[in-house]
Amino acid sequence: MGKFKVVSVDKLLPLTHYETDILEAIGATVEQYNCVTPEEIEKVAADADAIITVGAKITREAISKLKKCKVIGRYGVGIDNVDAEAATEAGIVVTYVPVYCQEEVATLALTLMLACERRIIPANEIVKSGEWKSALKASAGARSTKGKTFGLIGFGAIAREVVPLVQPLQVKVIAYDPYINLDFCKDLNVESVDLEYLLKNSDYVSLHVPLMASTHHMIDAEQLKMMKKDAILINTGRGALINQKALCDALNQGVIAAAGLDVLEFEPPDPEDEIFKLNNVITTGHIGAATNEALVRLRQKVAQGVADVLTGKCPEAIGNPAIKEKVQFLD
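- As annotated in an unreviewed UniProt entry, the protein chain carries the name C-terminal binding protein and is attributed to Sedimentibacter hydroxybenzoicus DSM 7310.

Shown next as structure tokens:
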């Protein structure tokens, strides 16, 4: 029997040798299940020293059933499906992976913008249906990017990766972030503006902020009405940054032109959701980080964070920093 028991509580990312090699090296046994409810998590992980999750909801109730757990490792750049406060109260370290996919998410934001602007999906569907001569009609209204304005909401690491990708398209880049670093703006030739100015003046609006109480539905009906009628909204952050019902209404009524969404407000989504019935929306199923290289980095960093905590070391990224008042690390 292993020195530590590590349980992956969902199967959104099947375990690979990238995780097991690191965890088994510290004497851990690794098991994977597909749990949804706190009761299911208790059944497989009540005696686990660590759990790993992609999308399973690690609620206060679920945490209360973990009798030995020292660390919760989350695959991803945030911990919005983990009750960090409850984990801290229980003396559990929450680790995550804030740095592994900036390039991938940035290139997807650019891809979604161009695909929406150039009407790539409708043109593809028309050509494949045998109506080749109608492809030009599908592209009606497409614009050149030259001289347009690209607005970044949030100016963290991923947003800064977007800047050198879009500037060769001869767009002006502006950014809103309440904690913006003006040195970064100067270095990247980006103008810092307030949110209202950005919404009113951008041809492309791209979201790059974490989901918190203060950013939930930060794009609602009021904000959508501020945008240009031919604007394109891009979201590769978190779905609930946008009020999806308000967005559907805006797209149906011509308030804005189009949206490119890697993330949706409710995931997994209802297949009958209105968003899937709109021909001016592209959705890509939360694949922002899905390159071979990024997934390897993610897997290794998740496992290393868990291994670090189990062996007494401070992990690279802690999602509940208040835990440092309760847990002592070797380094």
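Next, the rest of the story.
Concerning the overall build of the protein chain
- In terms of helices and strands, the protein chain carries 13 helices and 12 strands.
- Taking 331 residues into account, the globule formula puts the C-alpha radius of gyration at 20 Å, and the protein chain, at 22 Å, falls close to it.
- Considering only C-alpha atoms, the protein chain reaches an extent of 65 × 50 × 35 Å along its principal axes.
- Expressed as a percentage of its 331 residues, the buried residues of the protein chain come to 50%.
- Of the roughly 16100 Å² that the protein chain leaves accessible, carbon and sulfur atoms contribute 53%.

Some details on the nonpolar core
- Core analysis: the largest hydrophobic core is formed by 30 residues, its most contacted members being Ile153, Ile219, Leu224, Leu233 and Leu247.
- Only helix H10 (195–201), strand S9 (204–207), helix H12 (244–252) and strand S11 (258–261) provide two or more residues apiece to this core.
- Looking at this core element by element, the count peaks at 5 residues for H12.
- Beyond its immediate sequence surroundings of up to four residues, Ile219 is in contact with Ile153, Leu199, Leu207, Leu224, Leu233, Leu241, Ile242 and Asn243.
- Ala50, Val71, Ala307 and Ile318 belong to the second largest nonpolar core, which has 29 residues in total.

Description of the UniProt feature "domain: D-isomer specific 2-hydroxyacid dehydrogenase catalytic" (unreviewed entry) in the protein chain
- The UniProt record annotates "domain: D-isomer specific 2-hydroxyacid dehydrogenase catalytic" (unreviewed entry) at residues 14–316.
- Annotated as residues 14–316, this span is 38% helix and 14% strand, and its ends, taken at the C-alpha atoms, are 23 Å apart.

Describing the pattern of salt bridges
- According to the stated counting rule, one finds 17 salt bridges in the structure shown.
- Glu117 is the partner of Arg119 in a salt bridge, and the nearest nitrogen-oxygen pair spans 3.8 Å.
- Of the residues examined, Glu117 reaches a relative accessible area of 1% and is grouped as buried.
- Within this structure, Glu117, Arg119, Arg143, Asp203, Lys228 and Asp230 form a network of salt bridges that share partners.

Side note on the pairing of strand S10 (residues 232–235)
- What you see with S10 is no split at all: Ile232 and Ile234 on one side and Leu233 and Asn235 on the other are buried throughout.
- Looking at chain direction, S9 and S10 are connected through 4 bridges and run parallel. Bridging across to S10, Ser206 finds its partner in Ile234.
- Assessed by its sense of winding, the connection that carries the chain from S9 through helix H11 (residues 221–226) to S10 is right-handed.

Points about the sheet that holds strand S4 (residues 71–74)
- Taken together, 5 strands build an open sheet; the order of strands is S2-S1-S3-S4-S5 and the sheet is parallel. Pairing within the sheet leaves two strands with one partner each, and these edge strands are strand S2 (28–32) and strand S5 (93–95). For this sheet, the mean angle separating the axes of adjacent strands, direction not counted, is 20°.
- Alignment of strand S1 (residues 4–8) against strand S3 (residues 50–53), held across 3 bridges, turns out to be parallel. Bridging across to S3, Val6 finds its partner in Ala50.
- Most of the contacts of helix H1 (residues 17–24) go to S2, to which it runs at about 150°, and overall it touches S1, S2 and S3.
- Here helix H13 (residues 292–310) sits on the sheet in contact with S1, S3, S4 and S5, set at roughly 170° to S4.

Comments concerning the UniProt feature "domain: D-isomer specific 2-hydroxyacid dehydrogenase NAD-binding" (unreviewed entry) in the protein chain
- Taken from the UniProt record, the annotation "domain: D-isomer specific 2-hydroxyacid dehydrogenase NAD-binding" (unreviewed entry) applies to residues 110–288.
- Along residues 110–288 the backbone is 34% helical and 15% strand, and the end-to-end C-alpha distance reaches 11 Å.

Let's talk about the packing of helix H5 (residues 102–117) against helix H8 (residues 157–166)
- Running from N to C, H5 and H8 point in directions that differ by 50°, and their axes come no closer than 8 Å. Overall, the two elements H5 and H8 adopt an arrangement that is oblique. Pair H5 / H8 crosses with right-handed handedness. Side by side, H5 and H8 meet where Gln102, Glu103, Val105, Ala106, Thr107, Ala109 and Leu110 of the first sit next to Ala157, Ile158, Glu161, Val162, Leu165 and Val166 of the second.
- A per-class count over the contact of H5 with H8 returns 9 nonpolar, 2 polar and 2 charged.

Let's talk about the packing of aromatic side chains
- For the coordinates displayed, the defined rule picks out 1 aromatic pair.
- When the ring of Phe150 is compared with that of Tyr204, the centres are 6.0 Å apart and the planes differ by 45°; the resulting orientation is tilted. With Phe150 in strand S6 (residues 149–153) and Tyr204 in strand S9, this residue pair connects regions lying 54 residues apart in the sequence.
- The positively charged end of Arg160 is found above the aromatic ring belonging to Phe184, 4.0 Å away from the centroid.

As for H8
- Within H8 the residues assigned to the buried category are Ala159, Val162, Val163 and Val166. In a view along the axis of H8, the buried residues occupy a sector of 110°, so they form one face of it.
- At its buried positions, H8 is contacted by H5, S6, strand S7 (172–176) and helix H9 (182–188).

Parameters at a glance
- Residues numbered from 1 in each chain as written.
- Predicted model: local features only at pLDDT ≥ 70, side-chain atom pairs only at ≥ 80, totals over all residues.
- Heavy atoms only, no water.
- Helix = DSSP H or I, 4+ residues; strand = E, 2+ residues; numbered from the N terminus.
- Rg over C-alpha atoms; globule rule 2.2 N^0.38 Å.
- Buried < 20%, exposed > 50% of the residue type's maximum accessible area, 1.4 Å probe, protein only.
- Areas by Shrake-Rupley, 256 points an atom, 1.4 Å probe, with all protein chains shown as cover.
- Core = buried A, V, L, I, M, F, W, Y, C linked by side-chain atoms within 4.5 Å.
- Contact = heavy atoms within 4.5 Å.
- UniProt positions renumbered as here; feature names shortened; annotations may be inferred.
- Salt bridge = Lys/Arg side-chain N within 4 Å of Asp/Glu carboxyl O.
- Pairing = 2+ DSSP bridges.
- Right-handed = clockwise from strand over helix to strand, strands pointing away.
- Axes fitted to C-alpha atoms, helices over the stretch in contact; angles between N-to-C directions.
- Parallel < 35°, antiparallel > 145°, perpendicular 65-115°, else oblique.
- Left-handed = near helix turned anticlockwise from the far one by under 90°.
- Nonpolar A, V, L, I, M, F, W, Y, C, P; charged D, E, K, R; others polar.
- Phe/Tyr/Trp six-rings, centres within 6.5 Å; stacked < 30°, edge-to-face > 60°.
- Lys NZ or Arg CZ within 6 Å of the ring centre and 35° of its normal.
- Arc of directions from axis to C-beta.

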